[in-house]
Amino acid sequence: MRIAIEDLEVVLSGRSVVSGVRLIAEDGEIAGLVGPNGSGKSTVLRTVYRYLRPHAGRVLVGGTDLRALPAAESARRVAALPQERGSDFELSVRAVVAMGRTPYKRAFAGDDAADAEIVAAALASVGLSGAGRRRFSALSGGERQRVLLARALAQDPKVLVLDEPTNHLDVRHQVELLSLLRAQRRTTLLSLHDLNAAASLCDRLHVLHEGAVVASGKPRDVLTPELLAEVFGVRAAVVEHPLTGDPLIAFDHRG
Ligand SMILES: Nc1ncnc2c1ncn2[C@@H]1O[C@H](COP(=O)(O)OP(=O)(O)OP(=O)(O)O)[C@@H](O)[C@H]1O
C-alpha cells in the first residue's frame, strides 16, 4: 500500500520542526529517511504512526488520510517500531508480541490458535523463538528491539514504519534485520543513521535537513560526496561495494 506525505508541517512547543515535507513510498517499496541529528526524521515518522498530529498537510496511506480512519483500521494498515521503546512492560515476550493482534479483535476477545501461530512465526522471524516466556523488561536493548519488531510483524500491516531499527543491534543482527525487511516485500518507511545500510536496503531515499526534504531518489543518485558534505558536513568518497555492487560510502574519519 502506497504512502504519500503531502506538505507536512509539525509544530512542537510553538516551533515548526518540519515543514513542506513531501515524500512517498510506493507500494512494496522500502523508502529511507536519512539526515543529521535533529533534522526531523522521527517527527515525520511519528505522524505516520499517529503519535503526532500534523499542523498542516496530510499522511495518505493507500490514498486515505490516516486521520480519517478509525484507530483499529489505521492499526491494520500501519505498524511501527517506534523510538520510544519502553522497558516497563511487566509482560512475557509472547504477550508483548500478541499485542500486535489487538486491531483484529473484538473487545475482550482472547487469543485463538491462529493468533498463537502468527505470534510464534513473528518471534521465529526475529530469531527469538526460545524467548516467549521471558520477561520483556529483563531483556537487553537489542533483544527488546527485536521483540518489538516481532510485535509490528504480528500486526500484519500493509505498511511498516521503523525508527532507527538497527539501533542497539550487533552487526550480525543488523544484517539479519535488513534481510528480514527485504524479504517482507511490504511497503516500509524507515529512518536510518547508517548510510551504507540505507544505500544497500532502500529503493528510495529522502534526505531531511533542518526540517525539510532536500533530496529524494535512488540511493546512488542521492548519496553523492557533495550532498554528504553539504548536509552531513563530512568528507567522503562514494565507491562500489566490492561484494554487492551497492554504493559504499567511505568516510574520511580524519576530517
Ligand atoms: N517535544 C518537542 N518539543 C520541541 N521540540 C522538539 C520536540 N521533540 C523534538 N523536537 C525538536 O524537533 C527537531 C527534530 O527532532 P527529531 O527527533 O524529529 O529529529 P531526528 O532527525 O529524528 O533526530 P535524531 O537523528 O537525533 O534522532 C529537533 O530539533 C528536536 O529538538
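To be clear, the structure that these remarks concern was listed above.
Residues numbered from 1 in each chain as written. Predicted model: local features only at pLDDT ≥ 70, side-chain atom pairs only at ≥ 80, totals over all residues. Heavy atoms only, no water.

Within the protein, the secondary structure is distributed over nine helices and 12 strands. Whereas a compact globule of 255 residues would reach a radius of gyration of roughly 18 Å, the protein reaches 18 Å, a difference of no more than 12%. Expressed as a percentage of its 255 residues, the buried residues of the protein come to 47%. With an accessible surface of roughly 12400 Å², the protein has 49% of that area assigned to carbon and sulfur atoms. Taking the average location of the 32 positive side-chain charges in the protein and that of its 30 negative ones, the two points are 5 Å from each other. (Helix = DSSP H or I, 4+ residues; strand = E, 2+ residues; numbered from the N terminus. Rg over C-alpha atoms; globule rule 2.2 N^0.38 Å. Buried < 20%, exposed > 50% of the residue type's maximum accessible area, 1.4 Å probe, protein only. Areas by Shrake-Rupley, 256 points an atom, 1.4 Å probe, with all protein chains shown as cover. Lys, Arg positive; Asp, Glu negative; His and termini not counted. Charge placed at Lys NZ, Arg CZ, Asp CG, Glu CD.)

This part takes up the nonpolar core. In this structure, Val97, Val147, Leu149, Leu190, Leu201 and Cys202 are the most contacted members of the largest nonpolar core, which totals 48 residues. With residues near it in sequence (within four places) discarded, Cys202 still touches Ile30, Ala31, Gly32, Leu190, Leu192 and Pro219. The next biggest cluster of nonpolar side chains, apart from the first, holds 26 residues, and it includes Val44, Leu69, Val159 and Leu208. (Core = buried A, V, L, I, M, F, W, Y, C linked by side-chain atoms within 4.5 Å. Contact = heavy atoms within 4.5 Å.)

Here we take up the pairing of strand 7 (residues 159–163). Counting buried residues in strand 7 gives five out of five residues, a clear majority hidden from the surface. Inspection of the sheet shows strand 6 (residues 78–81) paired to strand 7 by four bridges, in the parallel sense. Of the residues in strand 7, the one forming a bridge with Val78 is Val159. Of the pairings in the sheet, the one linking strand 7 to strand 8 (residues 187–191) comprises five bridges and is parallel in character. Directly across from Leu162, in strand 8, lies its bridge partner Leu190. (Pairing = 2+ DSSP bridges.)

Judged by pairing direction, the sheet is antiparallel, and its four strands sit side by side in the order 2-1-4-5 without closing on themselves. This sheet does not close on itself; its edge strands, each paired only once, are strand 2 (15–25) and strand 5 (64–65). Alignment of strand 1 (residues 3–12) against strand 4 (residues 56–61), held across five bridges, turns out to be antiparallel. Bridging from a neighbouring strand, Ile5 pairs with Val59 of strand 4.

This part takes up the site of the ligand. Taken together, 14 residues sit near the ligand, with Ser13, Gly38, Lys41, Ser42 and Thr43 positioned nearest. Between Asn37 and the ligand, the recorded distance is 3.0 Å, taken from a side-chain N or O atom to an oxygen atom. For the ligand, an oxygen atom lies 2.5 Å from a polar atom in the side chain of Thr43. With the chains in place, 65% of the 640 Å² that the ligand exposes on its own is no longer accessible. Breaking the shell around the ligand down by element, the ones donating at least two residues are strand 2 and helix 1 (41–48). (Near = heavy atom within 4 Å. Polar contact = N/O pair within 3.5 Å; in protein donor to acceptor, adjacent residues only side chain to side chain.)

Another point: the pattern of salt bridges. Across all of its chains, the model carries 12 salt bridges by this definition. Residue Glu6 is joined to Arg58 by a salt bridge in which the shortest nitrogen-to-oxygen separation is 3.0 Å. Of this pair, Glu6 sits in strand 1 while Arg58 sits in strand 4; the two residues are 52 residues apart in sequence, bridging distant segments of the chain. Where Glu176 meets Arg172, a salt bridge forms, and the shortest distance between an N and an O atom there is 2.7 Å. One end of the pair is Glu176 and the other is Arg172, both in helix 6 (residues 171–184) and four residues apart, which spans about a single turn. One salt-bridge network, in which partners are shared between bridges, spans Glu73, Arg76 and Arg77. (Salt bridge = Lys/Arg side-chain N within 4 Å of Asp/Glu carboxyl O.)

With that out of the way, let us pick up helix 5 (residues 141–154). Residues spaced three or four apart along an α-helix point in a common direction, a consequence of the helix completing one turn every 3.6 residues. Between its first and last C-alpha, helix 5 extends 20 Å over 14 residues, near the 20 Å set by a 1.5 Å rise per residue. Across the 14 residues that make up helix 5, a large majority, 12, are buried. By the burial criterion, the buried members of helix 5 are Gly142, Arg144, Gln145, Arg146, Val147, Leu148, Leu149, Ala150, Arg151, Ala152, Leu153 and Ala154. (Expected span 1.5 Å × (residues − 1).)

Attention now goes to the packing of helix 5 against helix 6. Across the interface, helix 5 lies against helix 6 with an axial gap of 13 Å and an inter-helix angle of 5°. Relative to helix 6, helix 5 is oriented roughly parallel. Listed contacts from helix 6 to Arg146, Leu149 and Leu153 of helix 5 are His173, Leu177, Leu180 and Gln184. Split by residue class, the contact of helix 5 with helix 6 holds four nonpolar, two polar and one charged. (Axes fitted to C-alpha atoms, helices over the stretch in contact; angles between N-to-C directions. Parallel < 35°, antiparallel > 145°, perpendicular 65-115°, else oblique. Nonpolar A, V, L, I, M, F, W, Y, C, P; charged D, E, K, R; others polar.)

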